[in-house]
Amino acid sequence: MGLARSVFMVGDGLRMQQKIIDMAVWHLQLPVNARRDHGIGSVEHSVDIVVVRLTSEDGTHGYGEASSWSVFTGSAEASFAALDRYMRPHVVGRSLGDRAAILADTGACVAHCTEAKVALDTALLDLQGRVHDLPVWALLGGKCCDTIPLSCSIADPDFDKDVALMDRLRADGVRIIKVKTGFKGHAYDMMRLERLRTEYPEFDIRVDYNQGLHQDVAIKCVQEIALFEPTFIEQPVKAHLRSLMARLRDSTDVPLLADESVFGPEDMQTAIDMGLADGVSIKLMKAGNMTRAQTVARMAANVGMLAYGGDMFEAGIAHLAGTHMIAATPEITLGCEFYQASYFLEEDVLETPFEVNDGQVVVPMGPGLGVNVDEGKLAKYAITSSMGAA
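Colleague: Got a sec to walk through the packing of aromatic side chains? Specific residues and values, please.
Modeller: Under the criterion given, the structure shown has six aromatic pairs. Pairwise contacts between aromatic rings join Trp69, Phe313 and Phe344 into one cluster. We note Arg36 situated over the ring of Phe344; from NZ or CZ to the ring centre the distance is 5.6 Å. When the ring centre of Trp137 is taken as reference, the NZ or CZ atom of Lys143 above it lies at 5.2 Å.

Here you go:
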């Protein structure tokens, strides 16, 4: 081993021994430009996210985001409390190189709160990457792609507004959409799909019920939606109706995706054992950390199932985290859903826009997450915050 390499490794090790000296947490309310209706609920006016910032001894910052939805994963208030009260004692004072131990301790100190847990993991990886001048994807195993196809959801109860969005997407080079269904009746869903197939034939169309179908009509509705040949139909019924999911899968040739039925590897094994889907929507906010999300994708691929990069109502920090995870996970092949920063939020929290070019999310090359957070925007949209080492 050469002297230069030896010196590099010693310096690298010393940087990893740096302590985390500060942890700051913000609860933000970010204004949005439209209403979004899903099978299990609606969002309008604003979305709530929680941002965590870790600081190392040399003054470097790392950021993470928890994007909660109370009807799905949990609340922003719970994420804030999990980070600020329960996880903080297991983080501040620890070494940068202790990511695995920190995640084990914080995973055990509070139940559920997967959004808060992945926010902390993102901040740890962002901090490590910036200290070592490496992108997060390099810390997760290396990059398998430079861009990721972007999907945008069609979910406005006013379909004319979604038609205007479709025209914007077409002009921007986006060619994948996911139609949210099950919130305004089956006839409304059929009408929209008919128009979209006719007027936007070049688009890859997917369908997502977000558990919106009643079990008594689910098979009939899914079979009729399948006539439009969407790329997949996602989570038609309640998450716990796993046997019905398996029956729905058998009722159509269109691939069925599981979303709310699969949070982490434990649920993924159940999905495999029961044959309840042909694929899975992988979301960092469900998985609880980057490694668990990658594990779900690999479990799916090992049995021939598809994997899609889903998200919650996120801002740019979470989009960046998901981009790095997917870039290091070749098993995720159906693109990503990181559209909110570009098409839904009135203003994101990044210093520069989350990069989408010709319908493709661009994988960052810079250190850490690759884009800086605008702390002025954190202050602008914060409804509560907590600073300090203890």
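Anyway, onward from the coordinates.
Colleague: Go over the sheet that holds strand S15 (residues 360–362) with me, naming the residues and quoting the values.
Modeller: If you trace the three strands from one edge of the open sheet to the other, you get S6-S15-S14, paired in antiparallel fashion. Looking along the sheet, the strands with just one partner apiece sit at the ends: strand S6 (147–149) and strand S14 (356–357). Here three bridges tie S6 to S15, and the two strands are oriented antiparallel to one another. If you follow Ile148 over to S15, its bridge partner there is Val361.

Colleague: Tell me about the sheet that holds strand S1 (residues 20–31), and please be specific about residues and values.
Modeller: Note: strands within a sheet are paired through backbone hydrogen bonds, in either parallel or antiparallel orientation. The four strands are arranged S5-S4-S1-S16 in an open sheet whose pairing can be described as antiparallel. Both edges of this open sheet fall to strand S5 (61–67) and strand S16 (382–386), since each of them pairs with a single strand only. On average, each strand axis in the sheet is tilted by 15 degrees relative to the strand beside it, whichever way the strands run. Across 11 bridges, the pairing between S1 and strand S4 (residues 46–56) is antiparallel. Among the inter-strand pairings, Leu28 is bridged to a residue of S4, identified as Ile49. Packing against the sheet, helix H13 (residues 316–327) makes contact with S4 and S5, and its axis sits at approximately 100 degrees to S5.

Colleague: Which residues make up the pairing of S4, and what are the values?
Modeller: Most of S4 is tucked away, with nine of its 11 residues classed as buried. Where S4 lies against S5, seven bridges are found, and the strand directions are antiparallel. Of the residues in S5, the one forming a bridge with Val50 is Ala66. Counting the residues that bridge the hairpin from S4 to S5 gives four residues, and of these Gly59 lies at a positive phi of roughly 90 degrees.

Rules and cut-offs
- Residues numbered from 1 in each chain as written.
- Predicted model: local features only at pLDDT ≥ 70, side-chain atom pairs only at ≥ 80, totals over all residues.
- Heavy atoms only, no water.
- Phe/Tyr/Trp six-rings, centres within 6.5 Å; stacked < 30°, edge-to-face > 60°.
- Lys NZ or Arg CZ within 6 Å of the ring centre and 35° of its normal.
- Pairing = 2+ DSSP bridges.
- Helix = DSSP H or I, 4+ residues; strand = E, 2+ residues; numbered from the N terminus.
- Axes fitted to C-alpha atoms, helices over the stretch in contact; angles between N-to-C directions.
- Contact = heavy atoms within 4.5 Å.
- Buried < 20%, exposed > 50% of the residue type's maximum accessible area, 1.4 Å probe, protein only.

Interpretation note: all reported values are geometric properties and have no functional meaning in isolation.
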